[in-house]
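Understanding the architecture of this molecule
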Amino acid sequence: MMKTLAFELCRWTAVAVAILFIVRLSDGFSTVSSANPQKVLEAAYTCADTTNLQPASNQIIKRLYGIDPSEYEFCALYYALTNMDVDELLLIKYADSSQEQQIQSAAKARLQGQKNVFENYGVGQMDLLNNHSILMSDSGFAFFIINLKADESAAAFINALREEE
Amino acid sequence: MSLSGVFFVFLFFPSSILLYRLIPEKWRNSLLLALSLIFISFGNPADLILIGLSTVFNYFTALEIDGLRSMKREKTKKLVLATGIAVNTALLIFYKYFVFLMSNIGLNVNFGIPAAPVGLSFFTFSAISCLCDVSKGDETPLKNPFDFALFISFFGKLSSGPIVKYRDMARQIKDRTMTATSVESGMKLFLIGLGKKLIISGSLGKFFNAFRTQDISTMSTVTAWLGALFYSLMLYYDFSGYSDMAIGIGRIFGFSFSKNFDHPFISSSMTDFWRRWHISLGAWFRDYIYIPMGGSRVSKSRHILNLSVVWLLTGLWHGANWTFVVWGLYHLVLLLLEKMVFKKILKRIPTIIKTILTFLLTVIGWTIFFSDSLSTAEAYLLRMFGLGGSGLVDSMGKYYLASGGILLFVAMIGATPLLSAIGSKIEKRDSVLVKVSTAVFFALLLLISTAFMISETVSSFLYAQF
């Protein structure tokens, strides 16, 4: 009887600790936007300075960010027309916080990588990278932009998320 | 850490074997456990805590069940067993199905769920098998907690199976031997698995990835079938390759795990197919769901219900998407038709026809499996049967037939028992030439696999997503 009680105590303690640990690891509740990702992308793209932007293939996304677009529900990138420009617009719809962290890490690495390339000689590029780049996550979407109109594009992104599909 | 990665193949694995060989026998289980914990921590260190807590929970639950069974307190024993199964299932549902369930009841909430611990689907099933086997009296619980932890977390089988039942591994944890024969045989199996995964599946995968990027609405019938064939064979070689590697690793350390694939593409019926494909999963569902529900020794309607539950769960086990559910139910329908409607007719059909038909039916099923939504699956299937798209054959179909046809043919031959039968016959000849040729063959296999290993950027094991 005592043994049974001891076993009960041990196993339910393990369950309690596991629940606490999982809650600690989780990011809490947030609602996922039901907005159409394509419409969100169009809204953000329309408000950006699109002079230097072109759509990227999955291979380009893999090469520039090291992430596999097929792992995400929606993944789209616009990138610069030439190697001397740094304009980019990335929109990804992720499924969980680990994907979110993956995207954040990839975007930060991309930004830093571009800064390393243009440091000391690309004044215009460095201005965009330092002062006109935004990385944010909201309602299941990750948004990263390097663009003269980054603020307007980010605002359009947020507004688009609030629209129901 | 991937079993087919450079770090594992050239550093972790050989070091493990060397350490295991050098260490006194009484410390070998502890060494394997330590290596398994290191293996887990290479992915996400948080997994160590969750797998550890799951191990603690199941260890004490198994001990309690055993104690209650010996005291003949059946009702309490069943209650403890039920709560044990419920907790393991809850862990699985939370990580794999919570968001899917919420979105299906109209609640688009994201709990910010962390990534599932490595091998979640596999170790929870192993844990449940332990609780059930101990409850039935088929096995006693492992009293040494480190031995039990090894059963749950052994690196050879943790990340992607096979699903090893408790009764099959418990005795081997307590008593097994590493011999020169087991090391040689295990190493050969590991290398064959590595080659299957990296060389054949990797090559097939490159073709299939090209199909994935195509617009389904403009696909011709031949192109659609080619895509489905590439996927079917790619999945087989990837998963069976990984299973061979896992079984080979186990064999080196003295464990004898049953094979997980037995040339499924020569099956002459769907029943036969499921005795040859992912055998450990089928056996688990048979022993712990189907038979406890009564199996086939019940009324016809109850038999259908039992099969329906098993196939619904089999589909769901593969992932949180309606495509997997439909895929499972697709196989249920085929099995029911085979057992209950066409049984007599099928007996009269030549085996070769039945084999081809079974193969085609499984390929059709895989299109549902690889589609990311039911609408995509529907569109793809329509193209396979000539509805819409670009007619019977287009330039893309011709191109992939020309460039990938030989690979497909070789892969299909390799999926039959022919090559392994030839290999076995050659090995039986006890001559120096055979020994040298065998060594050269496996050295070349390792060399070519290494080249593929290095050339791929990310090639996570396909089934690991399940």
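Residues numbered from 1 in each chain as written. Chains lettered and ligands numbered in written order. Predicted model: local features only at pLDDT ≥ 70, side-chain atom pairs only at ≥ 80, totals over all residues. Heavy atoms only, no water.

1. Quick look at the interface of chain A and chain B
Worth spelling out the cut-off: Note on contacts: a residue pair qualifies if any of its non-hydrogen atoms lie within 4.5 Å across the two residues. Accessible area that two parts lose when put together, evaluated with a 1.4 Å probe and summed over both, is termed the buried area. Whenever Lys or Arg places a side-chain nitrogen within 4 Å of a carboxyl oxygen from Asp or Glu, that contact is recorded as a salt bridge. Each polar contact in these results corresponds to two N or O atoms within 3.5 Å; when the atoms are within protein, one needs to be able to donate a hydrogen and the other to accept it, and residues that are neighboring in sequence are counted only if both atoms are side-chain atoms. Secondary structure counts use DSSP, requiring at least four H or I residues in a row for a helix and at least two E residues in a row for a strand, with both numbered from the N terminus. The residue classification treats Ala, Val, Leu, Ile, Met, Phe, Trp, Tyr, Cys and Pro as nonpolar and Asp, Glu, Lys and Arg as charged. All others, Gly included, are polar.
Contacts between chain A and chain B engage 27 residues on the former and 28 residues on the latter. Buried area between chain A and chain B, summed over both chains or domains, comes out near 2,500 Å², and the portion from carbon and sulfur atoms is 70%. One can count 1 salt bridge joining chain A with chain B. Its salt-bridge partner being Glu64(B), residue Arg11(A) comes within 3.4 Å of it at the nearest N-O pair. On inspection of chain A and its partner chain B, the count reaches 3 residue pairs in polar contact (both at pLDDT 80 or more). Residue contributions to the side of chain A that touches chain B peak at 13 residues, all from helix α1 (residues 2–25) of chain A. Classifying every residue of the side of chain A that touches chain B gives 15 nonpolar, 8 polar and 4 charged.

2. Digging into the domain arrangement of chain B
Residue and element names in this part refer to chain B. Heads up, the condition is: Domain ranges listed in this record stem from an automatic or a database domain assignment.
When cut into domains, chain B gives domain 1 (6–175) and domain 2 (182–465). Taking the mean C-alpha position of each, domain 1 and domain 2 sit 26 Å from one another. Our enumeration of links across domain 1 and domain 2 arrives at 2 salt bridges. For arginine 167, the salt bridge is made with aspartate 287, and the minimal N-O distance between the two is 3.6 Å.

3. Quick look at the side chain of Ser4(B)
Residue and element names in this part refer to chain B. Condition: Each residue gets one of three labels from its accessible area relative to the maximum for its type: buried under 20%, exposed over 50%, partly exposed in between, using a 1.4 Å probe on protein chains only.
Mapping serine 4 onto the fold places it in the segment before α1 (6–22). Residue serine 4 is classed as buried on the basis of its relative accessible area of 2%. Dropping the residues within four chain positions of it, serine 4 is found in contact with Val9, Leu194, Lys197, Leu198, Met245 and Met453.

4. Digging into helix α4 (residues 97–118) of chain A
An α-helical segment advances 3.6 residues per turn. Residues three or four places apart therefore align on the same side. Residue and element names in this part refer to chain A. Note the threshold: Here a helix's expected span is defined as the number of its residues, less one, multiplied by 1.5 Å.
The first and last C-alpha atoms of α4 sit 32 Å apart over 22 residues, in line with the 32 Å expected at 1.5 Å per residue. All of the buried residues in α4 are Ser97, Gln99, Glu100, Ile103, Ala106, Ala107, Arg110, Leu111, Gln114, Lys115 and Phe118. Packing partners of the buried residues in α4 comprise α3 (58–65), β4 (88–93), α5 (123–131), β5 (133–138) and β6 (141–146). Once α4 ends, the next one or two residues include asparagine 120, with phi positive near 80 degrees.

5. Focus on unusual backbone geometry
In this model, Ser139(A) sits at a positive phi of 50 degrees, which is unusual for a non-glycine residue. Its location among the elements puts Ser139(A) in the loop between β5 and β6. For His278(B), which is not glycine, the phi dihedral falls at a positive 45 degrees. Take His278(B): it is sitting in the loop between α11 (270–273) and α12 (279–290). Given a relative accessible area of 1%, His278(B) falls into the buried group.

6. Here's the deal with a nonpolar patch on the surface
Residue and element names in this part refer to chain B. To be explicit about the condition: Every patch collects residues that have over 30% relative accessible area and no salt bridge, joining them within 9 Å if they carry like charges and within 5 Å if they are nonpolar side chains (Val, Leu, Ile, Met, Phe, Trp, Tyr). All accessibility values rest on the Shrake-Rupley procedure with a 1.4 Å probe; residue burial counts only the protein chains present in the view.
On the surface, a cluster of nonpolar side chains totalling about 760 Å² of accessible area is made up of Ile406, Phe409, Val410, Ile413, Leu418, Leu419, Ile422 and Ile426. Elements that contribute at least two residues to the nonpolar patch include exactly α18 (395–414) and α19 (418–428). Take valine 410: its relative accessible area is 48%, and that puts it in the partly exposed class.

7. Thoughts on a positive patch on the surface
All names here are of chain B. Quick reminder of the rule: As used throughout, the charge tally considers Lys and Arg to be positive and Asp and Glu to be negative, leaving His and the chain termini uncounted. All charge positions are set by atom: Lys at NZ, Arg at CZ, Asp at CG, Glu at CD.
On the surface, a cluster of positive charge is made up of Arg275, Lys339, Lys343, Lys344, Lys347 and Arg348. Considering every element that reaches the positive patch, the biggest residue donor is helix α15 (residues 343–348), with 4 residues. In this fold, lysine 344 is placed in helix α15. Judged by relative accessible area, lysine 344 falls into the exposed class, the value being 68%.

8. Focus: the pairing of β6(A)
Residue and element names in this part refer to chain A. Put simply, the rule is: DSSP-based pairing: two strands are paired if at least 2 bridges between them are found.
With respect to burial, β6 is a largely interior element, 6 of its 6 residues being buried. Where β5 and β6 come together, 6 bridges link them in antiparallel fashion. Residue pairing in the sheet places leucine 135 in a bridge with phenylalanine 144 of β6. A loop of 2 residues connects β5 with β6, the two strands running antiparallel in sequence, and serine 139 in this loop sits at a positive phi of about 50 degrees.

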